[in-house]
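Listed here are the chains, written in short residue letters.
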Amino acid sequence: MTKKYENNPLSHLDDAQLTKLLQDTGMPFDDIKQEKIIRNIKKKQRPTNKNKRYKKILMGIAAAAILIPTSAFAANKIWEVTTKKDGFLTTLFVQNEAEDTAYYRVDATYVPKELTAIPQTQNMKYWRKETRDGGFSLALIKPEKNQKLTVPNAVDMVKSTSGQHDVYTVKRQGNGSSYDTVSYLMLPEENRILQIMFDHTVNKVQQEKIIAGLRLEKVTAQKATPVTPLNQNEDKAKESYTPLQENQKTIYHENEAFQASFGDKKDALKIQVKENASQKQLPDYAKRAYIGQVEEFAKAGLIDKAGNLGTYEGSSYQRGDGVKTIDQLLAKQKIQPQYREMTITITNQTAKKVKDLYFAPQLQLMNKVKAGYQFDEATYLQPFDHDGEPVFISEHGEGKSYYNIGNLAAHEMKKVTIGYIVINPAKKAEFLQFNLTGTGSMDLNNSAFTWVLLDE
């Protein structure tokens, strides 16, 4: 007489395969309370034979049918992750055959009390609200059938588990970012991967709790967390900026007026730049609305009540390629930030009103190279590298519209005072870069860019 349990597909597995099944479900044979499993099987399916193989098959049935979802069991059969380390580049290869059209929302059920969600990120990024830094960020990945995930600047990789799921955690060094840990939580049941990037201030215990508290909820497309698109050309060499040619016609000097397009209005504006001051003190610090790096310096205690900028010890790093080399410390040096302020005259040259003029030229530091100028892409400073964004605009809007200096009536001329924090321990050429059309380009000679070379 054929025993009923033998009709189950698990009966065709040999003893070693049965053992592996139980291990893969997180329940090694020797650790399972056999009596509890037996009580969960219908009486008519209980075999009378008590040998070890019968019990293994019985437990395998229970594990597949009761203790874990059938979909998870199926997914585990087609989900495989392998890792490779090449120098300082760690690569995860995910092979799967799953296809789905489901949508999911990510929920972080545990967040350290000192962290809060950043607005407009759908609870995918968390920081210390008071200092606007630290924390962690999430990304939902829907892997391709042969997905590759690369992590440069990797110095260590550890595989662990969170519940029934594998976690691959990579430690990084350098790269100019405080996010030095990246973890991948594998979710084969949903055919998803959660990437979690941790700032160095989030300790290991907190990291483990955050990962353990992550959940995916099946929802409609309208409520779903967006899937993060992955760069399929991860092996492609990083692009570099094309140097600004010294004889480029888009380079001007202080007090030299130039024409600028605004949106689709060609040569609508005439602009002239005059530098006012370079000093260690922020003017009217208690009264003005300073933003950006001024806030960061203040939180670090590097600005006193009078607005004086303090010196600090900075570290200069040689940037590695993230594969064969990682970032190396070059030197530690005393850095004295400067406040640089300009008056910019803007004239509407048309007979029509210019509405909602968003105006935030960047102050760029560049190295003098053969027949031109180039960004220093080989080194960087920590902390407080130069970012080029204005920290003060006299004619500013409020909130998100801070860079909006308002309207310009027909033929109206307006003077705007703009200030910058300059972190320039090595002497570099200083430019104001104007881009009023919103064009993005790696070619610094692009006609959308206008450059004003500031006097030394």
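Residues numbered from 1 in each chain as written. Predicted model: local features only at pLDDT ≥ 70, side-chain atom pairs only at ≥ 80, totals over all residues. Heavy atoms only, no water.

A. The arrangement of the sheet that holds strand 16 (residues 265-279) in detail. Taken together, five strands build an open sheet; the order of strands is 15-16-19-24-23 and the sheet is antiparallel. Looking at the sheet topology across the chains shown, the edges are occupied by strand 15 (258-262) and strand 23 (392-393). Inspection of the sheet shows strand 19 (residues 338-348) paired to strand 24 (residues 413-422) by ten bridges, in the antiparallel sense. Among the inter-strand pairings, T343 is bridged to a residue of strand 24, identified as T417. (Pairing = 2+ DSSP bridges. Helix = DSSP H or I, 4+ residues; strand = E, 2+ residues; numbered from the N terminus.)

B. Here's a closer look at the sheet that holds strand 7 (residues 146-151). The strand order 1-2-7 describes an open sheet built from three strands, whose pairing is antiparallel. The open sheet has two edge strands with one neighbour each: strand 1 (80-86) and strand 7. Each strand axis lies, on average, 20° off the axis of its neighbour in the sheet, ignoring direction. Judged from the seven bridges that link them, strand 1 and strand 2 (residues 89-95) form a sheet pairing that is antiparallel. Note that in strand 2 the partner of D86 across the bridge is L89. (Axes fitted to C-alpha atoms, helices over the stretch in contact; angles between N-to-C directions.)

C. Highlighting the side chain of Q206. Along the polypeptide, Q206 turns up in helix 5 (residues 204-212). If sequence neighbours within four positions are ignored, Q206 has contacts with Y110, P112, E114 and T201. (Contact = heavy atoms within 4.5 Å.)

D. Representation of the pattern of salt bridges in the model. Summed over the entire model, instances satisfying the criterion amount to twelve salt bridges. With a shortest N-O distance of 3.5 Å, E246 and K368 are connected by a salt bridge. Linking E246 in the loop between strand 13 (244-245) and strand 14 (251-253) with K368 in strand 20 (residues 362-369), this pair joins segments that are 122 residues apart in sequence. The exposure class of E246 is partly exposed, given its relative accessible area of 43%. Note that R288 is salt-bridged to E341, the shortest N-O span being 2.9 Å. With R288 in the loop between strand 16 and helix 6 (293-299) and E341 in strand 19, the pair connects residues that are 53 residues apart, well separated along the chain. Judged by its relative accessible area of 21%, R288 falls in the partly exposed class. When salt bridges with common partners are traced through the structure, they connect R105, D107 and E217 into a single cluster. (Salt bridge = Lys/Arg side-chain N within 4 Å of Asp/Glu carboxyl O. Buried < 20%, exposed > 50% of the residue type's maximum accessible area, 1.4 Å probe, protein only.)

E. Geometry of the pairing of strand 24. Along strand 24, eight of the ten residues are buried, which leaves the element largely enclosed by surrounding structure. Of the strand pairs in this sheet, strand 23 and strand 24 are connected by two bridges, and their pairing is antiparallel. Residue I393 lies in a different strand from strand 24, and its bridge partner there is I418.

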